[in-house]
Amino acid sequence: MPFPQNVECALEVEEAVRSQNAVPATIALVNGAVKVGLCKREIEILGDTKISRPVKTSRRDFPYVLSNKLNGGTTVAGTLVVCNQVGLLFGVPVPEPYAFDPESINRIIDDALVEAHKAGISGKNITPFLLEQIAGMSGGSSLKTNIALIKNNAKTAAEIAVCLAQLERNEEDTKPEEKLPSSKRPVIIGGCNLDCVVHLESDELKLPNSSQVSP
């Protein structure tokens with residue numbers, strides 16, 4: 001999302017969360033540190049990408065961004081790493097007034113993919129390139145749709161958070177004798193990934209069991 005619309009959207013999303021009596025916690029990597037809950041000034045600085053130069057940070061990018069003390073904006077996968085969330089993921093639709101006709105938006109996406117192929121765009125650069133192309137081809141309508149979706153995501157997430165908090169409070173208020181006993185033990189399903197970044201102290205690397213030195 002281009003600046004300053006990205007900053008405006010982030011601040012409006014936080015207000016949408018607060019309007020549901022929940023507390024927003026925007027996540028980012030700031031100068032090589034993971035931060036959960038940004039202040040307004042931090043959002044404004046990170047949003048100006050010419051100054052902050054943030055790295056698109058997914059799961060595999062954390063070691064690089066952290067070790068080099070860079071700024072980073074987390075992808076969905078990166079955000080889940082920070083939140084350490086497991087469980088149900090909710091699919092939230094685009095609000096009806098901002099929804100595209102499937103045929104027209106699919107045609108625009110296909111055209112944007114063709115342009116990406118012509119330009120040789122791939123990897124983590126593909127998403128921002130496609131978003132920019134789609135925004136241009138749709139006359140800016142896709143940007144408005146994305147902003148509406150983000151706000152709806154935030155509103156729905158806040159509503160869920162408030163309901164879960166209420167359920168937890170109700171559970172705490174339940175008398176011990178009223179709680180149903182359970183013999184089942186929790187099962188944790190998931191995995192663990194370990195990435196390492198190595199900085200060489202020398203410009204030369206000596207191979208094991210060899211007198212040869214390679215640059």
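The structure we're discussing is the one just above.
Residues numbered from 1 in each chain as written. Predicted model: local features only at pLDDT ≥ 70, side-chain atom pairs only at ≥ 80, totals over all residues. Heavy atoms only, no water.

A word on the overall build of the protein chain
Condition: Under the scheme used here, helices are H or I runs from DSSP no shorter than 4 residues and strands are E runs no shorter than 2 residues, and both carry numbers assigned from the N terminus. Three labels apply to residues, based on accessible area from a 1.4 Å probe with only protein chains included: buried if under 20% of the type maximum, exposed if over 50%, partly exposed otherwise in between. By the convention used here, residues are in contact when the closest approach between their heavy atoms is within 4.5 Å. Per-residue and other accessible areas follow the Shrake-Rupley method at a 1.4 Å probe size, with only the shown protein chains counted as cover for residues.
Helix and strand content of the protein chain: 8 helices and 6 strands. Ordered by position from the N terminus, the helices and strands of the protein chain form the series α-β-β-α-α-β-α-β-α-α-α-α-β-β. Looking at the protein chain as a whole, 22% of its 215 residues qualify as buried. Looking at the protein chain alone, contacts between residues at least 24 apart form 55% of all its contacts between residues at least 6 apart. For the protein chain, the exposed area adds up to about 15,900 Å²; of that, 56% sits on carbon and sulfur atoms.

Some thoughts on the pattern of salt bridges
So the rule is basically this: When a carboxyl oxygen of Asp or Glu is within 4 Å of a side-chain nitrogen of Lys or Arg, the pair counts as a salt bridge.
Under the criterion given, the structure shown has 8 salt bridges. Between K35 and E42 there is a salt bridge, with the nearest N and O atoms lying 2.5 Å from each other. The class for E42 is buried, based on a relative accessible area of 17%. A network of salt bridges, in which partner residues are shared, links E14, E15 and R18.

Digging into the packing of helix α6 (residues 102–119) against helix α7 (residues 126–137)
Helix-helix packing is characterised by the crossing angle of the two axes and by the distance between the axes. Which entries qualify depends on this criterion: A fitted line through C-alpha atoms represents every axis, and for helices the fit uses only the stretch in contact; the resulting angles, taken between N-to-C directions, go from 0 to 180 degrees. Orientation categories follow fixed angle ranges, with anything under 35 degrees roughly parallel, anything over 145 roughly antiparallel, 65 to 115 roughly perpendicular, and all other angles oblique. Two helices crossing with the near one rotated counterclockwise from the far one by less than a right angle form a left-handed crossing, whereas a clockwise rotation gives a right-handed crossing. Any residue outside Ala, Val, Leu, Ile, Met, Phe, Trp, Tyr, Cys, Pro, Asp, Glu, Lys and Arg is labelled polar, Gly included; the first ten of those are nonpolar and the last four are charged.
Running from amino to carboxyl end, α6 crosses α7 at an angle of 130°, the nearest separation of the two axes being 9 Å. Relative to α7, the element α6 is oriented oblique. Our pair here, α6 against α7, has a crossing hand that is right-handed. Counting all contacts with α6, which are made through I105, I108, I109, D111, A112, L113, E115, A116 and A119, the residues of α7 involved are I126, F129, L130, Q133, I134 and M137. The residue inventory of the contact of α6 with α7, partitioned by class, reads 12 nonpolar, 1 polar and 2 charged.

Comments concerning the pairing of strand β1 (residues 27–30)
Put simply, side chains in a regular strand alternate between the two faces of the sheet. Under the convention used in this document: When DSSP finds two or more bridges between two strands, those strands count as paired.
In terms of strand pairing, β1 meets strand β2 (residues 33–36) through 4 bridges, oriented antiparallel. Residue pairing in the sheet places L29 in a bridge with V34 of β2. The antiparallel hairpin formed by β1 and β2 contains 2 residues in its connecting segment, where N31 sits at a positive phi of about 50°.

Topic: helix α1 (residues 5–18)
Using the following cut-off: The length a helix should cover is 1.5 Å for every residue beyond the first.
With 14 residues, α1 should reach 20 Å at 1.5 Å per residue; the first-to-last C-alpha distance of 20 Å fits that figure. Among the residues making up α1, those that are buried are N6, V7, C9, V13, E14, A16 and V17.

Geometric descriptors of this kind do not, in isolation, establish any biological role.
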